[in-house]
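For reference, the chains in residue letters:
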Amino acid sequence: NFSTWSPPGPGDVRSPCPGLNSLANHGFLPHNGKGLTVPILIKALNDGMNVGADFATVIGGAGLLSVPGNLLATSFDLDNLDEHNFPIEHDASLSRADCYENNGDNYSFNQTIFDTVLAYYDGMNETSIQVAAKAKYNRVTTEEKRDPKFTYTPQQFILSYGETALYISVMGDPIYGVAPIEYVKIFFEQERLPYAEGWRPPTTQTNLLTLGDMILALNAANGEEIPEGLEITTNTLK
Ligand code: HEM
Ligand code: MG
């Protein structure tokens, strides 16, 4: 629950996702990070961060695809999500190195990379869609230049915008994306929900509709070109 937190111990597994890792560290998900099903995710995302069952089902279903050698898996372990580009983990993460740039370690929290995101918030106490969007686009242009295996198709475009939308939604609010930087740092750097510091789950639910709208707002804010073949209209990704 919110007031119990412990980092992973021997035998526990974690993922490239600060959201799921935080939920496991608090015991909303199994602390060992293993045997996650869609129903387990639905309950944990709802109870821990007021994230909707629609998102939990769609992204949880993608998580199931990452189980090696089993297209019909009904549960996965957090470390299955390290699978590069299949289907979720991608380059230009906010707080992880690219797979090729870091000898395959695309899952460990990386302070050097996360500091380049935090630098955009220099002098600010809270996030904003404007600044979050610029920090995200910088990660893309940075890795595009230095990672010879850089991959960024419509799939990675949507996922990476969705993840920026997620942290400013769950640490702040899913409409305006205003989150205290202090909370955002604790979420990424400690994989902890900053309950002791005053954070509470947002009263507005984060779901596919709020995320879709926020992806559009983020993209409008940084002016990044939409990849060819992807057409984005309000509340519709087609
Ligand atoms: C990445 C948040 C649920 C799988 C991320 C990132 C954030 C995030 C902020 C970006 C990390 C970065 O760029 O460094 C959340 C929140 C969730 C949630 C708040 C719900 C409470 C899920 C679920 C799954 C998932 C349900 C799959 C079953 C992943 C994966 C990545 C990721 C594989 C790595 C992508 C990458 O950066 O390469 N998540 N997430 N997440 N998330 Fe989640
Ligand atoms: Mg990544």
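What you see is a predicted model, and the numbers here were worked out from it, not measured in a lab. (Residues numbered from 1 in each chain as written. Chains lettered and ligands numbered in written order. Predicted model: local features only at pLDDT ≥ 70, side-chain atom pairs only at ≥ 80, totals over all residues.)

Participant: Is there a simple way to explain the overall build of the protein chain in this structure?
Facilitator: A count of helical and extended segments in the protein chain gives 8 helices and 2 strands. Secondary structure elements of the protein chain occur, N-terminal to C-terminal, as α-α-α-α-α-α-α-α-β-β. Here the C-alpha atoms of the protein chain give a radius of gyration of 17 Å, agreeing with the 18 Å that 2.2 N^0.38 yields for 238 residues. Restricting to contacts in the protein chain with at least 6 residues of sequence separation, those with at least 24 account for 59%. (Helix = DSSP H or I, 4+ residues; strand = E, 2+ residues; numbered from the N terminus. Rg over C-alpha atoms; globule rule 2.2 N^0.38 Å. Contact = placed C-beta atoms within 7 Å.)

Participant: So what exactly am I meant to see when it comes to helix H8 (residues 208–222) here?
Facilitator: Each full turn of the α-helix corresponds to 3.6 residues, which orients residues three or four apart in the same direction. Relative to the 21 Å expected for 15 residues at 1.5 Å per residue, H8 spans 21 Å between its end C-alpha atoms, a close match to the ideal helical length. Taken residue by residue, H8 has Thr-210, Leu-211, Gly-212, Met-214, Ile-215 and Leu-218 as its buried positions. Looking at the residues trailing H8, positive phi occurs at Gly-223, about 70°. (Expected span 1.5 Å × (residues − 1). Buried ≥ 20, exposed ≤ 12 C-beta atoms within 10 Å, placed from the backbone.)

Participant: Honestly, the site of ligand 1 in this entry has me stumped. Any pointers?
Facilitator: Lining the immediate surroundings of ligand 1 are 26 residues, of which Cys-17, Gly-19, Gly-63, Ser-93 and Ser-95 lie closest. Put simply, the parts of the chain that give the shell around ligand 1 at least two residues each are helix H1 (18–25), helix H2 (38–49), helix H3 (53–65) and helix H6 (154–170). Of the residues belonging to the shell around ligand 1, the class tally is 16 nonpolar, 7 polar and 3 charged. (Near = placed C-beta within 6 Å. Nonpolar A, V, L, I, M, F, W, Y, C, P; charged D, E, K, R; others polar.)

Participant: Help me understand the UniProt feature "domain: Heme haloperoxidase family profile" (unreviewed entry) in the protein chain in this model?
Facilitator: Listed under "domain: Heme haloperoxidase family profile" (unreviewed entry) in the UniProt record, and renumbered for this structure, are residues 1–213. Each end of residues 1–213 is marked by a C-alpha atom, and these two atoms are 30 Å apart; helix forms 43% of the span and strand 0%. (UniProt positions renumbered as here; feature names shortened; annotations may be inferred.)

Participant: Just checking my understanding: could you explain the packing of helix H5 (residues 129–146) against H8 for this structure?
Facilitator: Relative placement of two packed helices is described by the angle separating their axes and the distance separating the axes. Two elements in contact, H5 and H8, have axes separated by 8 Å at closest approach and are oriented at 75°. Considering their axes alone, H5 and H8 lie roughly perpendicular with respect to each other. Note on element contacts: H8 touches H5 through Ala-217, Leu-218, Ala-221 and Asn-222, opposite Ile-129, Gln-130, Ala-132, Ala-133, Lys-134, Lys-136 and Tyr-137. Grouping the constituent residues of the contact of H5 with H8 by class yields 7 nonpolar, 2 polar and 2 charged. (Axes fitted to C-alpha atoms, helices over the stretch in contact; angles between N-to-C directions. Parallel < 35°, antiparallel > 145°, perpendicular 65-115°, else oblique.)

Participant: Explain the nonpolar core here, please?
Facilitator: Grouped burial of nonpolar side chains is what soluble globular proteins tend to show. Residues Ala-165, Met-171 and Leu-218 are the most contacted members of the largest nonpolar core, which totals 43 residues. Counting only elements with at least two residues in this core, the list comes to H1, H2, H3, H5, H6, helix H7 (181–189) and H8. Ranked by residues supplied to this core, first place goes to H6 with 7 residues. With residues up to four places along the chain from it excluded, the contact list for Ala-165 reads Leu-211, Met-214, Ile-215 and Leu-218. (Core = buried A, V, L, I, M, F, W, Y, C linked by C-beta atoms within 7 Å.)

Participant: Looking at this model, I keep getting lost on unusual backbone geometry. Mind explaining?
Facilitator: Glycine aside, the phi torsion of most residues is negative, and most peptide linkages are trans. Cis peptide bonds are those with omega within 30 degrees of zero, and the linkage from Phe-86 to Pro-87 qualifies with -10°. Structurally, Pro-87 is set in the loop between H3 and helix H4 (111–118). With a phi angle near 50°, Asn-50 is a residue other than glycine that sits in the positive phi range. Following the sequence through the fold, Asn-50 ends up in the loop between H2 and H3. Notably, Ala-92 is not glycine yet its phi reads approximately 65°, a positive angle. The residue Ala-92 is located in the loop between H3 and H4 in this model.

Participant: How should I be thinking about the confidence of the model for the protein chain in this particular structure?
Facilitator: Do not read the fine detail of predicted coordinates wherever pLDDT is low. Of the residues in the protein chain, 97% have a pLDDT of 70 or more, and the chain-wide mean is 96. Confidence metrics for the complex model read pTM 0.96 and ipTM 0.95. (pLDDT = per-residue confidence, 0-100.)

Participant: Where do I start with the environment of Thr-142 in this structure?
Facilitator: Its location among the elements puts Thr-142 in helix H5. Residue Thr-142 is classed as partly exposed on the basis of its 15 C-beta neighbours within 10 Å.

Participant: Explain H7 to me, please; I cannot follow it from the model alone.
Facilitator: Every buried residue of H7 is accounted for by Tyr-183, Val-184, Ile-186, Phe-187 and Phe-188. At its buried positions, H7 is contacted by H1, H4 and H6. Glu-191 sits one or two residues past H7 and shows a positive phi near 50°.

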